[in-house]
Amino acid sequence: MERREEQSGAAGAGAASALDFTVENVEKDPEWPAPVQSCAVLQALHQLYYDPNIENKNLAQKWLMQAQVSPQAWHFSWQLLQPDKVPEIQYFGASALHIKISRYWSDIPTDQYESLKAQLFTQITRFASGSKIVLTRLCVALASLALSMMPDAWPCAVADMVRLFQAEDSPVDGQGRCLALLELLTVLPEEFQTSRLPQYRKGLVRTSLAVECGAVFPLLEQLLQQPSSPSCVRQKVLKCFSSWVQLEVPLQDCEALIQAAFAALQDSELFDSSVEAIVNAISQPDAQRYVNTLLKLIPLVLGLQEQLRQAVQNGDMETSHGICRIAVALGENHSRALLDQVEHWQSFLALVNMIMFCTGIPGHYPVNETTSSLTLTFWYTLQDDILSFEAEKQAVYQQVYRPVYFQLVDVLLHKAQFPSDEEYGFWSSDEKEQFRIYRVDISDTLMYVYEMLGAELLSNLYDKLGRLLTSSEEPYSWQHTEALLYGFQSIAETIDVNYSDVVPGLIGLIPRISISNVQLADTVMFTIGALSEWLADHPVMINSVLPLVLHALGNPELSVSSVSTLKKICRECKYDLPPYAANIVAVSQDVLMKQIHKTSQCMWLMQALGFLLSALQVEEILKNLHSLISPYIQQLEKLAEEIPNPSNKLAIVHILGLLSNLFTTLDISHHDDDHEGPELRKLPVPQGPNPVVVVLQQVFQLIQKVLSKWLNDAQVVEAVCAIFEKSVKTLLDDFAPMVPQLCEMLGRMYSTIPQASALDLTRQALKRKPDLFLCERLDVKAVFQCAVLALKFPEAPTVKASCGFFTELLPRCGEVESVGKVVQEDGRMLLIAVLEAIGGQASRSLMDCFADILFTLNKHCFSLLSMWIKEALQPPGFPSARLSPEQKDTFSQQILRERVNKRRVKEMVKEFTLLCRGLHGTDYTADY
């Protein structure tokens, strides 16, 4: 017998190598003898694990993925589980079984269910004392089988599992059997959560599992409370409980196990598993229905306070973190239910104070503590719940909790403080970034708390800051000042503080702050920026803070805060800035020429100057524009003469970016201003041509010269298009003088290569000025054909831009003669390109864009479309060989019928593209 196996094994090895080892060879011959199959898989696994050649590894992996889903997997999987195989190979065999059971259940004849179940039980029993990763995979396979058979074919699956593994006649020792059973019970709910069961089956199985809980929980209670249970068993019990409660088991059914888990928190080995189990049990959505159980849990949580204090004192972050998670889980998930129990208000307040202790845990996040951040969402939730009560109840809780929230503000501002400069210097960049995000979370919380505390909160912060800055008794730390300002800024950024009586005092205090530190300077800047709307209503105070901002512009370390603050001031206060305009422009020019700021801040600065100049008289604007952009024009002229290379490309894109950002906000028409009434008297009356048009006409030839050398470079073309696109958006009708020159430029772009940015610009110009297509210099037919060509490009942005262009162009076919003519002549070509894309040539993610074109054609060119679509779909195999003539006919009729509901057309196209790709009715449709 052994000799014969050896011979067949050798034959198998020869056969495997003779198969030339390709991805297809698993499927070539479904009648391979079993040894050949397993031998081929073994060879592939050996190659995957041990071959140093990465290409061989990749080939083996592809081959094995095919093998796992092939019909032969049923045969070779069991052989790979043999005792003489290494765990990696056994694991592959177990995984293949799981894949076959979970994904190809319908392939298994019903008369084989019982034998498959028995084989899996046998293997699990065998691996109970073997490799743990293989055991887990086999348990997952049996769990998947149980879920597929429940409730009809295997009504008491869980009870049977418990009974089979408790049988005394098993060759495996008691502890091994117990651990194997617990592993199986643990993975069962997890497999249910991720299973691909149809929705109706999922409901049936969930109900069945809920009933089977009765067979699981008594066993878990017994094992957890039994003094003789070893630690590894109790650990597994807690994980199993944690898994089952996620099936939304009634909280009252979990009481005994939750109490046992609380007791297990005293055992350091079981601490993490106990926390996970308790948090999962408390957090299930249905738990709030069981108020009596929740009330019993409060004393258990409060009983952990001493353990929490000890952990904090000893720097035991894991323990403090775990206890905090439990307290927050109870408070955050059930604050409304617990607040409703008015007679128990004191015990809930004690829980709130425990969470406050966690928020204020000593140390700097994230270096010395990582717990406080867990609590922030709780404070939102509690506040929302208090404010949702009817007036009488709300008044009672406001009285109780307003002092708590004032305390919270103090705690949060303390936690937001920076460490000493020396300590901060040792922090890694990752720790600094985590601390920055943590402060943003604190900022959001403070903004939220303002709803509870109102104007009194601002007065409170102002009083503290005033005392700090005017006290002569003790020197104050910059960290304390910065935190108070940060609190103020957090609220002022999103809350309307225009009526606050403390803001004038704050603006008066700011110049008194001794700024010796970058972090403090940043916060001063951001606070001024947050108050820019208030400054617009109180322009007399601008001079108190503007010099600070202009001074900060020269410091590269304050780049983001100073530039963004200047931009806010120029946007909000532009009609009060003419007296300061010369100074602002001069300082800005200086920092731009010195290249103090990074590219994005330079762009913001140009936007700020655009806002500023918008409020000046036209001659003043032109004078400032001349001095501001002349150096860049000279530089661009020099660059236009140079042979293209990567470094001068960066400089060109930078200069074009500066111009487009300036033109984005330089708007003398005031069409986007929301000023009303007396404010309108501030607006200057525009005289003469628009300054942006004047500048564009002056630099147009230069831009064309640059473009002629860089027409094939997407970044440069994009930067050129951005200038005109942003100008069109700002100028509206004032853009008319530029149309002829722009048409000529667009024509040259299209004749070279149709790029997304050029199509977007054409669409934008078309939206604002439909007579763009009346221009003699624009070859409408060429633009149309280039855009059709661009629909076939592999890059998604180009395809989207082309689709957007057509949805803007087609509605003009009735009003603009040249557009109507080109649609008549070339519209069929457009339709064929759209159908090809839907038929499978374009990514499925772009189908909505192509649906938009079909909808627009149907709405504005109905008679043409009805003729074209029938002709286009006539040839066999177009747009896909998978379509029947009936399916094509149905699609064309559906499209032609729907001229109102764009969403329906998108659904039709998605349905049709799935048919074209052979994906209709498969798992892939889930992506849709």
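All figures in this text were calculated on a predicted structure; none of them were measured in a lab.

1. Points about the packing of helix 18 (residues 345–359) against helix 19 (residues 376–387)
So, step 1. Axis separation between helix 18 and helix 19 bottoms out at 10 Å; the angle between their running directions is 145°. The handedness of the crossing between helix 18 and helix 19 comes out as left-handed. Residues F348, V352, I355, M356 and T359 of helix 18 form the contact with helix 19, whose own contacting residues are F378, W379 and L382.

2. Comments concerning the confidence of the model for the protein chain
So, step 1. For the protein chain, per-residue confidence averages 85 on the pLDDT scale, and 87% of positions sit at 70 or higher.
So, step 2. Across residues 671–685, confidence stays below pLDDT 50; counting only partners more than four residues off in sequence or on other chains, it has 19 contacts.
So, step 3. Note on residues 923–928: pLDDT under 50 across the span, and twelve contacts to partners over four residues away in sequence or across chains.

3. Topic: the pattern of salt bridges
So, step 1. Within this structure, the stated rule accounts for 28 salt bridges.
So, step 2. Across the salt bridge formed by D340 and K393, the nearest N and O atoms sit 2.8 Å from each other. Residue D340 is found in helix 17 (residues 317–340), and its partner K393 is found in helix 20 (residues 391–415); the two are separated by 53 residues along the sequence.
So, step 3. Residue classification places D340 among the partly exposed positions, given a relative accessible area of 32%.
So, step 4. Judged by relative accessible area, K393 falls into the buried class, the value being 17%.
So, step 5. Through salt bridges with shared partners, one network takes in R336, D340 and K393.

4. Side note on the environment of K594
So, step 1. You can see K594 is positioned in the loop between helix 30 (578–593) and helix 31 (599–614).
So, step 2. Distance from K594 to G554, taken between C-alpha atoms, is 9.2 Å for residues 40 residues apart in sequence.

5. Some details on a nonpolar patch on the surface
So, step 1. Together, Y49, Y50 and V86 line one region of the surface with nonpolar side chains, adding up to about 280 Å² of accessible area.
So, step 2. Relative to the helices and strands, V86 resides in the loop between helix 5 (73–80) and helix 6 (87–103).
So, step 3. On the accessibility criterion, V86 (37% relative accessible area) is partly exposed.

6. Things to note about the nonpolar core
Grouped burial of nonpolar side chains is what soluble globular proteins tend to show.
So, step 1. In terms of nonpolar packing, the biggest core is built from 233 residues, with W244 and Y401 touching the most fellow members.
So, step 2. Filtering out sequence-adjacent residues up to four positions away, W244 remains in contact with V158, L185, L188, P189, L209, C213, V216, F217 and V249.
So, step 3. Of all hydrophobic cores here, the second largest spans 51 residues; its members include V799, L809, L883 and V905.

About the cut-offs
- Residues numbered from 1 in each chain as written.
- Predicted model: local features only at pLDDT ≥ 70, side-chain atom pairs only at ≥ 80, totals over all residues.
- Heavy atoms only, no water.
- Axes fitted to C-alpha atoms, helices over the stretch in contact; angles between N-to-C directions.
- Helix = DSSP H or I, 4+ residues; strand = E, 2+ residues; numbered from the N terminus.
- Left-handed = near helix turned anticlockwise from the far one by under 90°.
- Contact = heavy atoms within 4.5 Å.
- pLDDT = per-residue confidence, 0-100.
- Salt bridge = Lys/Arg side-chain N within 4 Å of Asp/Glu carboxyl O.
- Buried < 20%, exposed > 50% of the residue type's maximum accessible area, 1.4 Å probe, protein only.
- Patch = residues over 30% accessible without salt bridge, like charges linked within 9 Å, V, L, I, M, F, W, Y side chains within 5 Å.
- Areas by Shrake-Rupley, 256 points an atom, 1.4 Å probe, with all protein chains shown as cover.
- Core = buried A, V, L, I, M, F, W, Y, C linked by side-chain atoms within 4.5 Å.

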